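Notes for the structure review
Here is how the chains run, residue by residue.
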Amino acid sequence: MTANPVPITEEGLRVLEGLAIHEARASLWAFRRFMHPAETDGWFYRVISDELQAFYESFSRGEKPKLAITTPPQHGKSSAVVDMIAWALGKNPDHKVIFASFSGRLGERANLAIQRLLHSPRYQRVFPETRISAFGSAASESGIAICNREMVEMAGRSGYFRNTTVRGSVTGEALDLAIIDDPVKSREEANSKIMREAVFEWFRNDFSTRFSESAAMLCVMTRWHVADLVGKMREQIEDGLRIINFPAVAELDDEHRKTGDALFPEFKSAAFLATQRAVLGTSNFEALYQGNPQPTGGNIIKGAWFPRYKELPSVMRYRIMVVDTAITAKEHSDYTVAQVWGVADGKAYLIDQWRAKVEAQDIKPRLLDFWAKHNALSTDINGHLRAMEIEEAASGHQLVQELKRRGGIPVKGIKRSKSKYDRYCDCAGYMEAGSVVLPEFAPFVADLIAEMEAFTADDGHVNDDQVDCVLSAIESILLTGTSVVSLWENMT
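In this report, the structure presented in the accompanying data block is examined.

Rules and cut-offs
- Residues numbered from 1 in each chain as written.
- Predicted model: local features only at pLDDT ≥ 70, side-chain atom pairs only at ≥ 80, totals over all residues.
- Heavy atoms only, no water.
- Buried < 20%, exposed > 50% of the residue type's maximum accessible area, 1.4 Å probe, protein only.
- Helix = DSSP H or I, 4+ residues; strand = E, 2+ residues; numbered from the N terminus.
- Pairing = 2+ DSSP bridges.
- Phe/Tyr/Trp six-rings, centres within 6.5 Å; stacked < 30°, edge-to-face > 60°.
- Axes fitted to C-alpha atoms, helices over the stretch in contact; angles between N-to-C directions.
- Contact = heavy atoms within 4.5 Å.
- Salt bridge = Lys/Arg side-chain N within 4 Å of Asp/Glu carboxyl O.

A separate point is the pairing of strand 1 (residues 66-70). Counting buried positions along strand 1 gives five out of five residues, so the element sits mostly inside the fold. Neither face of strand 1 is exposed, since Lys66, Ala68 and Thr70 on one face and Leu67 and Ile69 on the opposite face are all buried. Strand direction decides the pairing type here: strand 1 and strand 7 (residues 241-245), joined by five bridges, are parallel. Residue pairing for strand 7: isoleucine 69 is matched across the bridge by isoleucine 244. Both strand 1 and strand 6 (residues 211-221) contribute to a ladder of five bridges, which runs parallel. Following the sheet pairing, threonine 70 is matched in strand 6 by methionine 221.

Below, the structure is given as structure tokens:
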């Protein structure tokens, strides 16, 4: 029989709370537990709190630390940073903190979270000397501290929290603690060299010029690209940038997990992460979830990803023709390519390809011949040839208009808003999963594989016309008009 526990007296509760408050003042981890007692307890929470505390203590010693923490999406990095800022302002309400993120909404969310913390009775019991005015307060002759969605001043002290956007204005503001939380919003932005350079120029020429002599800098982000802000800072900051990466899936045994274990299984299980790897493809997953973006030269696409068939499935659901046109037939121009693809068993099968350098006026008759060849095949076995899909770039737009006026062929013009590399990222999971099948003995396959393996993110390759058609087929057949990666980005 279990004995009844001895009840704790009110005096005992006050003693325990006093001890908890004393510990919360000294330890960021204890502060977070005190402020959020209902949140999940786990080693990752503890470790990231300890790293942020070590960063703050280095700053307090005047060591001017520069720290980058890279984590997978939706693993609590932003909430950890907000707690650290509130804790730092409690320890010293004269700190000047500027927080920058890719969107004003995220900055406002951090701002309001800090206001809720600082207004809470729990926080006031830990740090009674750190106070802010009611929301909506503005500076006045009476000395009321500003408190709105962009600035939170510490009442009666010189410190403040200021949120802005990456590439936003910080003119006139000084800072002691510089915080950057996710400088870009999407893979498309991260893959843009212009955007990456603009972000770094803002960091170097605007943001860093507001640093006080002993300022500290913290960057927390999910990685997208090898030359993102962390990559640039690693190359160009000479005085001690420390980078801590928390991969979603453990790559080696350590004191907290075995190889293959999830970082925070309560949020993202190992099974979920395996599914994400399959959907995103290795290169996307390595960047976003493992903090390991890959160099974007050749060999992004692996020839070994593509199964080969000796005979097509006995029945195809349907077929499509995809076309990529060149501007001219000059020696260094791209080819014009047409491919016929069939659909069976949830996979895309490349059936035939025509590829040549021809003048614009010769493209239409050659495509009509290629269409007639495949349209004559039995639909009972080969499936209906649904449409000729033509990218409306180069000479493609005029070709689409001419074929539509001619009639007799279901022509679909495709307008692109993404770069080929972004389209590759959308399609990579299907290629890597073996859902794109090539003919084993077709004479064009060797050149097709060579072109795909030479494909680069920065257009350093010679030709990409066949790659373009393969991506078009995947987008039409497997993505069915909606990018899985884009859906995932919107969800996260």
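For the rest of this paragraph, the subject is the packing of aromatic side chains. In this structure the tally under the stated criterion is 18 aromatic pairs. Between phenylalanine 44 and phenylalanine 264 the ring centres are 6.0 Å apart and the planes differ by 75°, which places this aromatic pair in the edge-to-face class. Of the two residues, phenylalanine 44 sits in helix 3 (residues 43-60) while phenylalanine 264 sits in the loop between strand 7 and helix 10 (270-280), which places them 220 residues apart along the sequence. The class for phenylalanine 264 is buried, based on a relative accessible area of 2%. Taken together, a centroid distance of 6.0 Å and an interplanar angle of 80° make the contact between phenylalanine 207 and phenylalanine 211 edge-to-face. Of the residues examined, phenylalanine 207 reaches a relative accessible area of 0% and is grouped as buried.

Within the secondary structure, alanine 198 sits in helix 8 (residues 193-207). According to the relative accessible area criterion, alanine 198 is partly exposed, its value standing at 23%. Sequence separation between alanine 198 and valine 166 is 32 residues, and the spatial gap between their C-alpha atoms is 9.7 Å.

This part covers the sheet that holds strand 1. Taken together, seven strands build an open sheet; the order of strands is 3-4-2-5-6-1-7 and the sheet is mixed. With partners counted over all chains shown, the strands left at the sheet margins are strand 3 (151-153) and strand 7, one partner each. Adjacent strand axes in the sheet meet at a mean angle of 15°, parallel and antiparallel pairs treated alike. As paired elements, strand 2 (residues 96-101) and strand 4 (residues 160-165) share six bridges and run parallel to each other. Looking across to strand 4, one finds that phenylalanine 99 is bridged to asparagine 163. Across the sheet, helix 8 touches strand 2, strand 4, strand 5 (175-181) and strand 6, and the angle it forms with strand 5 is around 170°.

With that settled, the discussion passes to the pattern of salt bridges. All told, the structure shown has 25 salt bridges when counted by the stated rule. Among the salt bridges present, the one from arginine 242 reaches glutamate 51, with a minimum N-O distance of 2.8 Å. In this pair, arginine 242 is assigned in strand 7 and glutamate 51 in helix 3, connecting sequence segments 191 residues apart. Judged by its relative accessible area of 44%, arginine 242 falls in the partly exposed class. A relative accessible area of 18% means that glutamate 51 is categorised as buried. Through salt bridges with shared partners, a single ionic network connects Glu391, Arg416, Lys420, Arg423, Asp464, Asp468 and Glu475.

On to the sheet that holds strand 14 (residues 436-439). One open sheet accounts for seven strands, arranged 8-14-11-10-9-12-13; its pairing is mixed. The open sheet is flanked by strand 8 (308-309) and strand 13 (411-414), the only strands paired with a single partner. Relative to strand 10 (residues 336-344), strand 9 (residues 318-324) runs antiparallel, the two being bridged by seven bridges. Along strand 10, the bridge assignment pairs valine 322 with glutamine 339. Against the sheet, helix 12 (residues 360-375) contacts strand 9, strand 10, strand 11 (347-356) and strand 12 (384-391), and its axis sits at roughly 140° relative to strand 11. Strand contacts of helix 16 (residues 445-454): strand 8, strand 10, strand 11 and strand 14, with the helix running at about 140° to strand 14, the strand carrying the most contacts.

What follows concerns unusual backbone geometry. Backbone geometry places glutamine 74, a non-glycine residue, at a positive phi of 60°. The backbone of arginine 167 sits at a positive phi, close to 80°, despite the residue not being glycine. Locating arginine 167 in the fold gives a position in the loop between strand 4 and strand 5.

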